[in-house]
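Breakdown of the fold
Below are the chains, spelled out letter by letter.
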Amino acid sequence: MSLPLPTTLSPSKISAFKHCPLQFRFSVIDRLPEPPSPAASKGTLVHRALERLMLRAPADRTPASALADLELARLELAPTEEFAGLELGEEQLDAFHAEARALMLRYFEVEDPAAVRPIGLELRLSVPVGSLRLRGVIDRLELDGDGELVVTDYKTGSVPSERAEQDRLGGVHFYSLLCDRLFGRRPVRVQLMYLSKPEVLSISPSEQSVSGMERRALALYAAVERACARDDFRPNRSRLCDWCNFQAYCPAWGGDPDQAAALRPEPVLLPA
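What comes next concerns the included structure. Residue numbers here run from 1 along each chain, matching the order of that chain's written sequence. Per-residue local features are limited, in this predicted model, to residues with pLDDT of at least 70; the limit for side-chain atom pairs, both in listing and counting, is 80 or more; totals at the level of whole chains, interfaces and linings are taken over all residues. The side-chain quantities take in all heavy atoms of the structure and omit both hydrogens and water.

1. Considerations on helix α8 (residues 207-230)
Note on helix geometry: an α-helix contains 3.6 residues per turn, so any two residues three or four positions apart are oriented the same way. If you check α8, its first and last C-alpha atoms are 35 Å apart, about what 24 residues at 1.5 Å a residue would give, namely 34 Å. Secondary structure elements follow DSSP: runs of H or I of four or more residues count as helices, runs of E of two or more count as strands, with numbering from the N terminus. Count one or two residues on from α8 and you reach Asp231, which has phi positive near 50 degrees. Here a helix's expected span is defined as the number of its residues, less one, multiplied by 1.5 Å.

2. Notes on the pattern of salt bridges
The term salt bridge refers to a pairing of a side-chain nitrogen on Lys or Arg with a carboxyl oxygen on Asp or Glu at a separation within 4 Å. Applying the stated criterion to the full structure yields 16 salt bridges. The partner of Arg140 in a salt bridge is Glu111, with the nearest N and O atoms 2.8 Å apart. Separated by 29 residues along the polypeptide, Arg140 in strand β3 (residues 132-143) and Glu111 in the loop between α6 (90-110) and β2 (118-129) bring together distant segments of the chain. Take Arg140 and Glu111: they sit in the same class, and that class is buried. Note that Glu148 is salt-bridged to Arg185, the shortest N-O span being 3.9 Å. Highlighted residues: Glu148 in the loop between β3 and β4 (149-155) and Arg185 in the loop between α7 (162-183) and β5 (189-194), separated in sequence by 37 residues. Taking relative accessible area as the criterion, Glu148 reaches 33% and is therefore assigned partly exposed. A 1.4 Å probe rolled over the protein chains alone gives each residue an accessible area, and that area as a share of the maximum for its type sets the label: buried under 20%, exposed over 50%, partly exposed in between.

3. Notes on the environment of Ser158
With respect to the helices and strands, Ser158 occurs in the loop between β4 and α7. Classification of Ser158 as exposed rests on a relative accessible area of 54%. Placed 64 residues apart in sequence, Ser158 and Ala222 show a C-alpha to C-alpha distance of 32 Å. The contact definition used throughout considers only heavy atoms, calling two residues in contact when any of these lie within 4.5 Å. Those residues in contact with Ser158, other than ones at most four positions away along the chain, are Tyr194 and Ser196.

4. A closer look at the packing of helix α1 (residues 11-19) against helix α2 (residues 21-29)
Direction vectors running N to C along α1 and α2 enclose 140 degrees, while the axes themselves pass 5 Å from each other. Considering the angle they form, α1 stands oblique to α2. Between α1, through Lys13, Ala16, Phe17 and His19, and α2, the contact on the second element is made entirely by Pro21, Gln23, Phe24 and Val28. Of the residues contributing to the contact of α1 with α2, the split by class is five nonpolar, two polar and one charged. Axis angles are defined between N-to-C directions and span 0 to 180 degrees, where every axis is a line fitted to C-alpha atoms and, for a helix, only to the segment in contact. For classification purposes, an angle smaller than 35 degrees is called roughly parallel, one larger than 145 roughly antiparallel, one from 65 to 115 roughly perpendicular, and anything else oblique. In this classification, Asp, Glu, Lys and Arg are treated as charged, Ala, Val, Leu, Ile, Met, Phe, Trp, Tyr, Cys and Pro as nonpolar, and every other residue, Gly included, as polar.

By themselves, these observations are geometric and do not establish any function.
See the structure below:
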């Protein structure tokens with residue numbers, strides 16, 4: 001039996017399918033519920049605080065303002081499912097917020113925020129490529145001193161290994177493709193800003209890298225289409241399994257994928 005084909009791809013979906021097709025199916029096609037992750041929620045919190053910071057006048061982008069914006073972001077996000085569902089004890093919660101504060105202050109070791117000229121924050125972009133639609137969120141789009149586009153992607157996790165770094169840089173080309181197709185201009189630079197180190201990984205996209213990203217996205221989508229037509233999403237056991245929410249249903253770990261069917265959300269029926 002064939003499965004419904006997703007109509008969009010994002011950097012996270014591309015990465016999921018490349019690393020483990022079965023995890024992609026559980027998450028993207030079956031839409032199985034996943035518990036909130038402290039690491040991901042911390043990233044959401046810091047991203048929102050940095051967005052608030054960049055909305056301030058350049059002279060007001062200070063460490064004190066950053067911590068104030070972090071507190072405002074905490075109050076704003078506390079009622080949401082992503083944060084209300086975190087099962088953290090008092091000590092764990094204190095550590096969570098202490099780590100978020102440390103990330104905010106480390107940001108100032110990376111760059112001078114007063115010198116940043118943002119023209120877009122948390123931009124949700126979407127472009128058609130054939131029958132496929134590519135979607136992505138750009139944390140910060142700015143202009144450099146020469147008026148050229150620069151894309152900044154904040155990262156709150158650890159700096160990746162050399163092999164993982166190449167995978168992350170694949171997302172860089174994805175953002176370049178979105179800008180090229182929507183604005184008619186390639187970014188002169190796309191940078192991954194790791195706040196935990198801190199460290200910045202950057203690349204200057206080329207016409208070849210952008211067109212290559214488009215070809216790779218279409219090729220991967222064709223692979224997804226074949227997998228959906230055959231209902232053939234195979235697991236790929238790796239170190240990433242330690243962070244997978246679907247391990248209990250994975251045959252690579254002795255699980256039964258059919259048992260996950262009960263977790264699928266009921267389809268929403270729209271009135272005629």
